[in-house]
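Each chain, letter by letter, is given below.
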Amino acid sequence: MAIKLMYIANEPRIAHIAETNGVDRIFVDLEVRNKAKRQKNIDSVKSHHCLNDINKIKDTLTTAELLVRSNAMYEGSQKEINEIVERGADIVMLPMWESVDDAKRFRDYIDGRAKVMLLLETIPAEKALDEVLELDGIDEILIGLNDLHLQYKLKFLFELLANGKVDELMNKMVAKGLPCGFGGIASLDKGMISGRNILAEHYRLKSSMAILSRSFCDTSKITDEAEIENIFHQGVIDIREFEAFLTRQNETYFEENHQEVIKKTNEIISK
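Before going into details, it helps to say that this report is about the structure given with it. (Residues numbered from 1 in each chain as written. Predicted model: local features only at pLDDT ≥ 70, side-chain atom pairs only at ≥ 80, totals over all residues. Heavy atoms only, no water.)

So, the overall build of the protein chain
For clarity, the cut-off: Each helix is a run of DSSP H or I of at least 4 residues and each strand a run of E of at least 2, with the numbering of both proceeding from the N terminus. The quantity called the radius of gyration is restricted to C-alpha atoms. Its globule counterpart is 2.2 Å times the number of residues to the power 0.38. Per-residue accessibility, obtained with a 1.4 Å probe over protein chains only, is compared with the maximum for each type, and a residue is labelled buried under 20%, exposed over 50%, and partly exposed between these values.
Each helix and strand counted, the protein chain has 12 helices and 8 strands in total. Expected size for 271 residues packed as a compact globule is a radius of gyration near 18 Å; at 18 Å, the protein chain falls within 12% of this value. C-alpha atoms of the protein chain, sized along the principal axes, occupy 50 × 45 × 35 Å. A burial count over the protein chain gives 54% of its 271 residues as buried.

Laid out in structure tokens, this is it:
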């Protein structure tokens, strides 16, 4: 089964281009609370989306699902989540949760009106995972490598893939039959570790989803719509063709790729 591809966008024209070229989910990102402070020393995406963007993107989409990331739990969460759902989100993502209680309250606030996705990106959430996996009503979990690697005080987000932490978490979720995934992928031949290597890791770990990263198509730098259209058109075709190749590979291929990821990660962190 092909991995669900997600792309962060709040501009209808970009969302339309992504959708028509095979992106499965358009991702409106409302998380602002404490994020800039947490990630001040890393070059991560810090969106400035707003609630009205949900309506704009919802009105644009015809086939892709609308995913909306809320803020982490705070005193206004129930009101915020109600607005997100009422404006048309198909899936709501909770970042920076830390406990079973956080997961339960988030699930209850959504109350079956949209899919419930947890973004696992804290050490307390990792410790609570076994209990969370026993809950009803949790539809998907994505591992957030940016914040989780910062919590572990690591130098590079893919250290979590090289050191076995992602394996440990994914194996638990896959064993429960829960759709899950981790981090993002660049175009196949881009990225500090190529999208090709990372996509093979998704297949090795039976991942269901991945975010198309900023390095796949950075619309803050690329503004020509024809160029953006070409990037999505060819980029998604390349990913799907490589996925078809991956479905024919054996365990030896995936283990060799994993060892290559470990080697490349160690080279990056040693510099």
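Regarding the pairing of strand S1 (residues 4-8)
Formally: Between any two strands, pairing holds if DSSP finds at least two bridges.
In terms of strand pairing, S1 meets strand S8 (residues 209-212) through 3 bridges, oriented parallel. By the bridge assignment, Leu 5 is partnered in S8 with Ala 210. As paired strands, S1 and strand S2 (residues 25-29) are joined by 3 bridges and run parallel to one another. Bridged to Met 6 within S2 is Arg 25.

Re the side chain of Thr 265
To keep things clear, this is the line we draw: A contact between two residues is defined here by any heavy atoms of the two lying within 4.5 Å.
Relative to the assigned elements, Thr 265 resides in helix H12 (residues 251-270). Among the residues examined, Thr 265 registers a relative accessible area of 1% and is labelled buried. Those residues in contact with Thr 265, other than ones at most four positions away along the chain, are Phe 156, Phe 158, Glu 159, Ala 162 and Ile 193.

Distances and angles like these do not, on their own, reveal function.
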